[in-house]
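# Report on the structure
Each chain, letter by letter, is given below.
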Amino acid sequence: MDTLLAGEIVALLERRSIPLWAVADLALYRTTFPELPWPFPGQLPRAVVVVAPMLSGVLDSLEGKPNLAYLHHYRQLNNLLDRVAYEASLLLERKGFSALPIAASQTLDSEDLTAHVSHRHLGYCAGMGWRGKNNLLVNPRFGCRFRLVSVLTDAPLDAGRPLGGGGCGACTLCRDACPAGAIGDCATQFRLDLCHAQLSEFRKIPRLGQRICGLCQKACPRGGRGSTEPLEESAAVNPVLPW
Ligand code: B12
Ligand code: SF4
Ligand code: SF4
């Protein structure tokens, strides 16, 4: 592990109020999820994965559908994350490493709805959380109330490993809150087709214009205002701020 480099990454993230980051092993990502596309030639061995928590004030303002406050927050966090990924990539390149930032929110194909790389699956490999009943990545401290970005790199950073424990347990709050009935009793029952159809309806809300929702994130009891759940024991997860 290049501890000097890790320290510089922490300093950069701290300036941007990022509370948490982790490193994923891309070989693990590709063997654990062979069904996910890999559009890049060659192989960068690591991904730096960064979390930006969503504000409870914004999620609390949702009533049965997305609103313009949520739309702005969604865009603002995508923008922040893309900027953080760019700045981290500049730092890595200055140190002589390769760095490839993956957009926070960009699809390659409007039919297929896949991205270059899945941040959720990278976060899972890095030890940031588990697959929730709502198919989102759920972190012990932040619940699923966060957005993610990743930078692929060949920098010598120690990668984490998937969390041993965790899980949603008996909680069904997102299932009960989902207007599409897309969430079941376990993650494998998640119905992407129903979620996608609901978000396509929401997109028609005047001035919204995006497939967004946020109701299952609002419902998550973890990660709300004042949440102090300790970060799960994991060599991978690198807290930045004392949240
Ligand atoms: C395209 C897209 C969508 C599409 C399609 C969703 C989809 N298929 O993933 C639509 C428009 C429907 C959508 C909806 C939403 N999205 Co979206 N979306 C993306 C995007 C751009 C690409 C996702 C992708 O590559 N999907 C392709 C396939 C591979 O993913 P998949 O179908 O989920 O995976 C399958 C298997 O791998 C399996 N699986 C097996 N093992 C495991 C293990 C884990 C850990 C997981 C998570 C899954 C999993 O689950 C699936 C069933 O087949 C990502 C950004 C990114 N680059 O990652 C954001 C992203 C996934 N979206 C996000 C969010 C928050 C949302 C919404 C809440 C909308 C909103 N912002 O209001 C909903 C939630 C939907 C849900 N409950 O899953 C966040 C998730 C954050 C988190 N905490 O996990 C992301 C990462 C954006 C970001 N920058 O933070 N999204
Ligand atoms: S994003 Fe909305 S429609 Fe999709 S699973 Fe979550 S609550 Fe249901
Ligand atoms: S609301 Fe409950 S079931 Fe849904 S993701 Fe959060 S902890 Fe898991």
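Everything quoted here is computed from the prediction, not taken from an experiment.

Most of helix α5 (residues 119-126) sits inside the fold, with six of its eight residues counted as buried. Immediately downstream of α5, the backbone of G127 shows phi near 90°, a positive value.

Our focus in this paragraph is the packing of helix α1 (residues 3-15) against helix α4 (residues 68-94). Packed helices, taken two at a time, are described by their axes: the angle between them and the distance between them. Put simply, α1 and α4 touch, their axes get as near as 11 Å, and they point 150° apart. With respect to their mutual orientation, α1 and α4 come out roughly antiparallel. Here α1 and α4 pass one another in a crossing that is right-handed. From α1, L5, E8, I9, L12 and L13 reach across to α4, where they touch V84, E87, A88, L91 and L92. In the contact of α1 with α4, the residues fall into eight nonpolar, no polar and two charged.

A few words on the site of ligand 2. With respect to spatial proximity, the complete set of residues near ligand 2 consists of C178, P179, A180, I183, F190, C195, Q198, L199, C213, L215 and C216. Elements that contribute at least two residues to the shell around ligand 2 include exactly α7 (192-202) and α8 (215-219). Its residues assigned to classes, the shell around ligand 2 comprises 10 nonpolar, one polar and no charged.

Of all hydrophobic cores here, the largest spans 37 residues; its most connected members are I9, L13, W21, V50, Y70, V151 and L157. Looking at this core, the elements that each hand over two or more residues are α1, β1 (20-25), β2 (46-53), α3 (56-60), α4, β6 (146-153) and α7. The greatest single-element share of this core, amounting to 10 residues, is contributed by α4. Those residues in contact with V50, other than ones at most four positions away along the chain, are L13, I18, L20, W21, L81, V84, R147, L148 and V149. L26, W38, C125 and L152 belong to the second-largest nonpolar core, a separate cluster that totals 23 residues.

This part takes up the pairing of β6. Burial analysis of β6 places eight of its eight residues in the buried class, the great majority of the element. As defined by bridge partners, β2 adjoins β6 across eight bridges and the pair is classed as antiparallel. Pairing of R46 across the sheet is with T153, part of β6. Pairing of strand β3 (residues 99-102) with β6, which is carried by four bridges, proceeds in the antiparallel orientation. Within the sheet, the bridge partner assigned to P101 lies in β6 and is V151.

With that out of the way, let us pick up unusual backbone geometry. In this structure, S17 is a non-glycine residue whose phi angle is positive, near 60°. Turning to its location among the elements, S17 is positioned in the loop between α1 and β1. For S17, a relative accessible area of 46% translates into the label partly exposed. The phi dihedral of R207 is positive, around 70°, even though this residue is not glycine. Looking at where R207 falls in the secondary structure, it is placed in the loop between α7 and α8. Overall, R207 belongs to the exposed group, its relative accessible area being 71%.

As a further point, take the packing of aromatic side chains. In this structure the tally under the stated criterion is four aromatic pairs. Both rings, one in Y29 and one in W38, keep their centres 6.3 Å apart while their planes meet at 65°; by these two values the pair is edge-to-face. In this structure Y29 comes out as buried when scored by relative accessible area, which is 2%. On the basis of relative accessibility, which here comes to 18%, the residue W38 falls in the buried class. Ring geometry for F33 versus Y124: centroids 5.9 Å apart, planes at 65°, classification edge-to-face. Pair noted here: F33 is in the loop between α2 (26-32) and β2 and Y124 is in helix α5, with a separation of 91 residues, a long-range link. Accessibility expressed as a relative area gives 15% for F33, which makes it buried. Connected via pairs of aromatic rings, a cluster forms that spans Y29, F33, W38, F40 and Y124.

Turning our eyes to something else, we now look at the confidence of the model for the chain. Averaged over all residues, the pLDDT of the chain equals 91, while 93% of them reach at least 70. For the chain, the element scoring lowest by mean pLDDT is strand β7 (residues 238-239), at 65; α8 scores highest, at 98.

What counts as what
Residues numbered from 1 in each chain as written. Chains lettered and ligands numbered in written order. Predicted model: local features only at pLDDT ≥ 70, side-chain atom pairs only at ≥ 80, totals over all residues. Heavy atoms only, no water. Buried < 20%, exposed > 50% of the residue type's maximum accessible area, 1.4 Å probe, protein only. Helix = DSSP H or I, 4+ residues; strand = E, 2+ residues; numbered from the N terminus. Axes fitted to C-alpha atoms, helices over the stretch in contact; angles between N-to-C directions. Parallel < 35°, antiparallel > 145°, perpendicular 65-115°, else oblique. Left-handed = near helix turned anticlockwise from the far one by under 90°. Contact = heavy atoms within 4.5 Å. Nonpolar A, V, L, I, M, F, W, Y, C, P; charged D, E, K, R; others polar. Near = heavy atom within 4 Å. Core = buried A, V, L, I, M, F, W, Y, C linked by side-chain atoms within 4.5 Å. Pairing = 2+ DSSP bridges. Phe/Tyr/Trp six-rings, centres within 6.5 Å; stacked < 30°, edge-to-face > 60°. pLDDT = per-residue confidence, 0-100.

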